[in-house]
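# Coordinate analysis (summary)
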Amino acid sequence: MLEVTDIIDRVRAYQPAADAALIQRAYDFSARAHQGQKRKSGEPYFVHPASVAGIITELRLDTASVCAGLLHDVVEDTLATVEDIEHEFGGEIASLVDGVTKLGKINFTSRADHQAENFRKMVVAMARDIRVLLIKLCDRVDNMRTLEHMKPDAQERIARETLEIYAPLANRLGIQAFKCELEDLSFRWLEPDSYASVKSAVQTTKKDRDKYILEVTKTLSSRLAEQGFASEVNGRAKHLYSVWRKMKANDSAIEQIHDIIAFRVLVESVGDCYAALGVVHSKWTPVPGRFKDYIALPKPNMYQSLHTTVIGPGRERIEIQIRTHEMHRVAERGIAAHWKYKERHGGGVAADDAQRFGWLRQLMEWQKDLKDPAEFLEGVKVDLFQDEVYVFTPKGEVRVFPRGSTPVDFAFAIHSELGEHITGARVNGKLEPLRYKLHNGDVLEVVTSSSQQPNKDWLDFVVTTRARAKIRSFLRQEQRDKSLRLGRELLEREFQRASVSLSKLLKNDSELRKVLETVSVQNIDELFIGIGYGKIDPSDVLDVLAPPSADGVKSVPPEQLREGRLAGFVRKIKGDDGGIRLNGIDDVLVRYAKCCNPLPGDDILGFITRGRGVTIHRRGCPKAFDTDPERRVEITWDSKAKINRAVHLRVVTANRPGILATVGQTFSQMGINISEATCRAGDDGKAINTFTFVCQDLNQLKSVMRSLQKVQGVVIVERA
């Protein structure tokens, strides 16, 4: 376990005036609070916060951050409160601890909502103080390093969350060391067979690779020295996860992956970077299209470097990165290397750095716009964690978008009004459709029409969270208005059958208030909308005003609400056992969404659909986010129900003879009968196959997918 003296020594190595007494107090407070607690490994729990504080010192963060690292779990896991922390250590450290603390005291309907809301809270806190995210990242690094002591389902869940959220966040923060480590650790638990195979292959070739690295390093160093450059050259193999992704993408063995080795050249100035590039290209032939200038156009995470791929010794492709020592410091420590702590104003971002953290402002805007935490998390994954494409406005301003973005994404990024009325775009002077995919260097001019409005088809091709949120908001408002009109019409029709006057009800405050309280809505518009959506039955409203008579058929409304002669009515309840329980009731009319084909065992959500009961989506299905959250209901699978559901698997394979027969035999060995198959060969040497078959539950599907992934020549297996 890391001792307090070690932590203090590390901090004082980069911050000589650090308050050692404060660190000592935080260390002792955390040790006392966690006394008697054990980790899954059996070791004292306090080992974890001490390790987190040690990792924080690697980023060279300030004393408050180190103390918050020591204290980050005391509010969640002990009797200590945020107020206790503030009393003992001040408001700054208490604010950091509160930002990192999970939302353990709130009851969420599902683990997914808990994760999403937890992330939303962290975003709000880190926008106030970026150190919150850095501390959380250090916490996740230590948890991943000790994941072997968790249960298999927890290992998979935590590793998946790390790969989808925390590794890309480390990348966005520019902390390459954390990004690579988190990806490799996630890879180990999510794909154990592939991890072991790639690790073994990399170790087998290590001797030859080390020899090759030494040869290239010597050659490059001597050439640069001859030209008068003070340089530092080193080489390394790329991390396992990136090697595996290249193998999967190219359906290749590790021997066929050419640019597995990357070399780094550190020089004194920006001018030296470009001059050194000339030296490299004069020695080895550059590969066309593989040069990237991140010095002139830095990545959003502040990363700067020149990247080139050349044909090196032995006709091997090698990647060479050229940067200054300062650029390298930022590449290794990212935002932590550049972030300026403001003594008087907390740990926010200094004004001259604000532009570098535009993505943080975007996160804050999205979390305000998107009330649904799951939709917010989905958007974050898309917008922050993809490769970027750089485009220009007509005035020459650079805009950065996720790869795959369209003119609609561009228009909404400029202004909502522009996005809502876009009909097309002039790209490099040529008129292009809304579905056009942006390319690096494109110059865009948006074409609009006052009669244009967003439509649902746009959701099929837009990529950015801002565009999706604005389109969904427009469509929901449109849907809400329609539901309000429909709800009023349905209620009037129901009232007419019982000779009740809706207009008299709207003027009678006491009767109206009684109705609103009974059906739990705030105002009459919400009542109409609820009826229009199908969440409220008009007959239930009538029952409040005119309770059924003894025989359960006729009812008599109060005198002040009567209109014309009385009419009888009969209520009917239609039910169907679909293997779904809604609020403990298992007699529910359901239909399963075809967009995501939910299976027993999938995490699911229900949406009330007029005339169709409850529509079931897999949680996280993009189509589910297009639906108004007000129509959402929490549902579960009925454990007693036996359901066989059709499911579609997309299997990408190498396009070679016999592969389809092998895949078909794998299905047969699993006792699966393929009911439908479509197979299409591509120009890239791969075949895309979609198989439809009946499946009992998620466990059976996972078993089939694992078996297919082991087939030689199978590149991708995923649900379609």
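Okay, so let's go over this structure. (Residues numbered from 1 in each chain as written. Predicted model: local features only at pLDDT ≥ 70, side-chain atom pairs only at ≥ 80, totals over all residues. Heavy atoms only, no water.)

### A look at the overall build of the protein
A count of helices and strands for the protein gives 29 helices and 21 strands. Across the protein, the fraction of contacts at a sequence separation of at least 24, relative to all contacts at a separation of at least 6, is 65%. Summed over its atoms, the accessible surface of the protein is roughly 34,800 Å², and 48% of this surface lies on carbon and sulfur atoms. (Helix = DSSP H or I, 4+ residues; strand = E, 2+ residues; numbered from the N terminus. Contact = heavy atoms within 4.5 Å. Areas by Shrake-Rupley, 256 points an atom, 1.4 Å probe, with all protein chains shown as cover.)

### As for a positive patch on the surface
A cluster of basic residues, Arg-160, Lys-702, Arg-706 and Lys-710, forms a positive patch at the surface. For Lys-702, a relative accessible area of 33% corresponds to the partly exposed category. (Patch = residues over 30% accessible without salt bridge, like charges linked within 9 Å, V, L, I, M, F, W, Y side chains within 5 Å. Salt bridge = Lys/Arg side-chain N within 4 Å of Asp/Glu carboxyl O. Lys, Arg positive; Asp, Glu negative; His and termini not counted. Charge placed at Lys NZ, Arg CZ, Asp CG, Glu CD. Buried < 20%, exposed > 50% of the residue type's maximum accessible area, 1.4 Å probe, protein only.)

### Here's the deal with the packing of helix H4 (residues 63-71) against helix H7 (residues 91-100)
At a closest axis distance of 9 Å, the pairing of H4 and H7 adopts a crossing angle of 50 degrees. By the angle between their axes, H4 is oblique relative to H7. Crossing geometry of H4 relative to H7 is assigned as right-handed. Contact residues: Ala-64, Ser-65, Cys-67, Ala-68 and Leu-71 in H4; Glu-92, Ile-93, Leu-96 and Val-97 in H7. Of the residues in the contact of H4 with H7, the class split is 7 nonpolar, 1 polar and 1 charged. (Axes fitted to C-alpha atoms, helices over the stretch in contact; angles between N-to-C directions. Parallel < 35°, antiparallel > 145°, perpendicular 65-115°, else oblique. Left-handed = near helix turned anticlockwise from the far one by under 90°. Nonpolar A, V, L, I, M, F, W, Y, C, P; charged D, E, K, R; others polar.)

### Focus on the sheet that holds strand S21 (residues 714-719)
Read from one edge of the open sheet, 4 strands run S19-S20-S18-S21, paired in antiparallel fashion. The open sheet has two edge strands with one neighbour each: strand S19 (674-681) and S21. Taking the axes of each pair of neighbouring strands and ignoring which way they run, one obtains an average angle of 15 degrees across the sheet. Examined bridge by bridge, strand S18 (residues 645-654) and strand S20 (residues 686-695) share 10 bridges and lie antiparallel to one another. In the sheet register, Ala-646 faces S20, and the bridge partner there is Val-694. The strands touched by helix H29 (residues 698-709) are S18, S20 and S21; relative to S21, the strand with the most contacts, the crossing angle is about 165 degrees. (Pairing = 2+ DSSP bridges.)

### Focus on the side chain of Asp-442
Tracing the sequence through the fold places Asp-442 in the loop between strand S10 (430-432) and strand S11 (444-448). The side chain of Asp-442 sits in the buried core without any salt bridge; Arg-403 is the nearest counter-charge, 9.5 Å away. One polar contact links Asp-442 to Asn-428, side chain to side chain, over a distance of 3.1 Å. Of the polar contacts made by the side chain of Asp-442, one reaches the backbone nitrogen of His-439; its length is 2.8 Å. Those residues in contact with Asp-442 that sit more than four places away from it in its chain are Tyr-390, Val-391, Phe-392, Val-427, Asn-428, Tyr-436 and Lys-437. (Polar contact = N/O pair within 3.5 Å; in protein donor to acceptor, adjacent residues only side chain to side chain.)

### Observations regarding the nonpolar core
Of all hydrophobic cores here, the largest spans 96 residues; its most connected members are Ile-7, Leu-71, Ile-85, Ile-93, Phe-178, Ile-320 and Ile-322. In this view, Ile-322 contacts Val-265, Cys-273, Ala-276, Leu-277, Val-280, Ile-295, Ser-305 and Leu-306; residues no more than four positions away in its chain are not counted. (Core = buried A, V, L, I, M, F, W, Y, C linked by side-chain atoms within 4.5 Å.)

### What about the sheet that holds strand S9 (residues 422-427)?
Pairing in this open sheet of 3 strands is antiparallel, and the strands run S10-S9-S11 from one edge to the other. Sheet topology places S10 and S11 at the edges, where each strand pairs with a single neighbour. The sheet shows a mean angle of 30 degrees between the axes of neighbouring strands, direction not considered. Where S9 lies against S10, 3 bridges are found, and the strand directions are antiparallel. Residue Ala-425 lies in a different strand from S10, and its bridge partner there is Glu-432.

### As for the pattern of salt bridges
Following the criterion strictly, the structure yields 13 salt bridges and no others. Residue Arg-39 pairs with Glu-43 through a salt bridge whose shortest N-O separation is 3.8 Å. The class of Arg-39 is buried, set by a relative accessible area of 14%. A salt bridge links Asp-602 to Arg-719, with the shortest nitrogen-to-oxygen separation between them at 2.9 Å. You can see Asp-602 sitting in the loop between strand S13 (590-592) and strand S14 (604-609) and its partner Arg-719 sitting in strand S21, a full 117 residues away along the chain. This pair shows no difference in class: Asp-602 is buried, exactly as Arg-719 is.

### Focus: unusual backbone geometry
Despite not being glycine, Asn-428 has its phi angle at roughly 55 degrees, a positive value. Secondary-structure assignment places Asn-428 in the loop between S9 and S10. With a phi close to 45 degrees, Asn-597 is a non-glycine residue in the positive phi region.

### Looking at helix H24 (residues 509-518)
Residues Glu-511, Leu-512, Val-515 and Leu-516 constitute the buried set of H24. The arc enclosing the buried residues of H24, seen along the axis, measures out at 135 degrees, which places them on a common side. With respect to the buried face of H24, the exposed residues turned more than 90 degrees away are Asp-509 and Glu-517. The secondary structure elements touched by the buried residues of H24 are helix H23 (502-507), helix H25 (524-533) and helix H26 (538-545). Of the residues trailing H24, Ser-520 is marked for its positive phi of about 60 degrees. (Arc of directions from axis to C-beta.)

### Observations regarding the pairing of strand S8 (residues 398-402)
Residues in a regular strand project their side chains so that they alternate between the two faces of the sheet. Bridge count between strand S7 (residues 388-392) and S8: 5 bridges; the pairing is antiparallel. Its bridge partner being in S8, Phe-392 is matched across the sheet by Val-398. Where S7 folds back on S8, the antiparallel hairpin that results is connected by 5 residues, among which Gly-396 adopts a positive phi of roughly 90 degrees.

### Some details on the packing of aromatic side chains
Scanning all chains against the criterion turns up 11 aromatic pairs. Consider the rings of Phe-401 and Phe-410, whose centres lie 5.9 Å apart with planes at 45 degrees: the pair is tilted. What makes Phe-410 buried here is its relative accessible area of 2%. Chaining the aromatic ring pairs together yields one cluster made of Phe-187, Tyr-195, Tyr-241 and Trp-244. (Phe/Tyr/Trp six-rings, centres within 6.5 Å; stacked < 30°, edge-to-face > 60°.)

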